[in-house]
Amino acid sequence: MKNKRIIAPSILSLDYSRVSAQLDELLDSKADWLHFDVMDGHFVPNLTFGPDILRGFKKACPLFMDVHLMVDDPAFFAPVFIENGADMITFHTEALENDPAKIKALVDKIHEQGVLAGITVKPKTDICQFESLLDCVDMVLIMSVEPGFGGQSFMEDQLDKVRWLDRKRKEKDLSFRIEIDGGISGETFRKAVDAGCDTLVAGSYVFKNGICEAIERLLS
Ligand code: DX5
Ligand code: ZN
């Protein structure tokens, strides 16, 4: 059975001068998830939100919290964000030297804490090396920009990874989600969906175009 399409607005692009009005709009919209980008200033050259902010968002906006860890030490931070409201933790394989054993250990640790687990790769990282992990993850996130900032252009060549994942998902009869993050707009989303994505992160497109309308378009 095909996974339902889910839109995960990235709060990186939220207008922080009117947070509560934007959260009300999100709750009125067809968004099922919120995408919460955690950056530590080391793994990527930008700093964002800590666990207290996640807890506040969860209280004000009880959507599924899709936490994307862009940090050097995901094994340390995963439990911290789980305690503060994460429903899904997705971490970068590069932060664990792309070592399948270390990656599997962290996926298991996240599952033990009752939360879904995803893995993600930067644009230059090969995804095929993680084929053996596909049956233990809930989601694979393909980055379609270099992680660190919103508002960058969509890297269409990353869709080859999505097509490979979708093929493996069918061959192995698995149901992990395929999420895409970076440069998703009213135009690019269609290519991502056609390639096999079922979970679309969108930051600037959603928050700069009228939240409800932009999400409707991404679901069309
Ligand atoms: C980038 C983040 C994204 C970002 C996407 O490192 O992971 O989630 O918010 O922003 P847009 O949709 O503007 O490319
Ligand atoms: Zn993200």
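To be clear, the structure that these remarks concern was listed above.
Residues numbered from 1 in each chain as written. Chains lettered and ligands numbered in written order. Predicted model: local features only at pLDDT ≥ 70, side-chain atom pairs only at ≥ 80, totals over all residues. Heavy atoms only, no water.

K.L.:
Quick question: what am I supposed to make of the coordination of the zinc ion (ligand 2) here?
P.N.:
A four-donor tetrahedral metal ideally has 109.5 degree angles, and a six-donor octahedral metal ideally has angles of 90 or 180 degrees. Surrounding the zinc ion (ligand 2) are the protein donor atoms His 35 (NE2), Asp 37 (OD), His 68 (ND1) and Asp 181 (OD), at 2.0 to 2.3 Å. Every donor counted, the 6 donor atoms about the zinc ion (ligand 2) form angles of 69 to 171° at the centre, which fits octahedral coordination. In primary sequence terms, the donor set of the zinc ion (ligand 2) follows H-x1-D-x30-H-x112-D. Note that His 68 is positioned in strand 3 (residues 64-70) and Asp 181 in strand 7 (residues 177-181), a separation of 113 residues in sequence. One exposure class covers both His 68 and Asp 181, and it is buried. (Donors = N, O, S within 2.8 Å, 3.2 Å for Na, K, Ca; no water. Tetrahedral: all angles 85-135°; square planar, octahedral: opposite > 155°, others 65-115°. Helix = DSSP H or I, 4+ residues; strand = E, 2+ residues; numbered from the N terminus. Buried < 20%, exposed > 50% of the residue type's maximum accessible area, 1.4 Å probe, protein only.)

K.L.:
How should I be thinking about the pattern of salt bridges in this particular structure?
P.N.:
In a structure, side chains of opposite charge can pair up when their charged atoms sit close to one another. The final tally for this structure, using the stated rule, is 16 salt bridges. One salt bridge connects Glu 131 with Lys 172, and the closest N-O pair in it is separated by 3.1 Å. Note that Glu 131 is positioned in the loop between strand 5 (116-121) and strand 6 (139-143) and Lys 172 in the loop between helix 5 (159-171) and strand 7, a separation of 41 residues in sequence. Where Glu 171 meets Lys 168, a salt bridge forms, and the shortest distance between an N and an O atom there is 3.2 Å. Linking Glu 171 with Lys 168, this pair stays in helix 5, spanning 3 residues, or about one helical turn. One salt-bridge network, held together by shared partners, links Asp 166, Arg 169, Lys 170, Arg 177 and Asp 198. (Salt bridge = Lys/Arg side-chain N within 4 Å of Asp/Glu carboxyl O.)

K.L.:
For this particular structure, what's the right way to read the pairing of strand 4 (residues 88-92)?
P.N.:
Across a regular strand the side chains alternate sides, sitting on one face of the sheet and then on the other. Judged by how many residues are buried, strand 4 sits mostly within the fold: 5 of 5 residues are covered. The two faces of strand 4 match: Met 88, Thr 90 and His 92 on one face and Ile 89 and Phe 91 on the other face are all buried. Pairing of strand 3 with strand 4, which is carried by 4 bridges, proceeds in the parallel orientation. Its bridge partner lying in strand 4, Leu 69 is registered against Phe 91. Between the parallel pair strand 3 and strand 4, the chain is carried across by helix 3 (residues 74-83), and the sense of this crossover is right-handed. Relative to strand 5, strand 4 runs parallel, the two sharing 5 bridges. Paired with Thr 90 across the strands is Gly 118, a residue of strand 5. Note on the crossover from strand 4 through helix 4 (residues 100-112) to strand 5: the handedness is right-handed. (Pairing = 2+ DSSP bridges. Right-handed = clockwise from strand over helix to strand, strands pointing away.)

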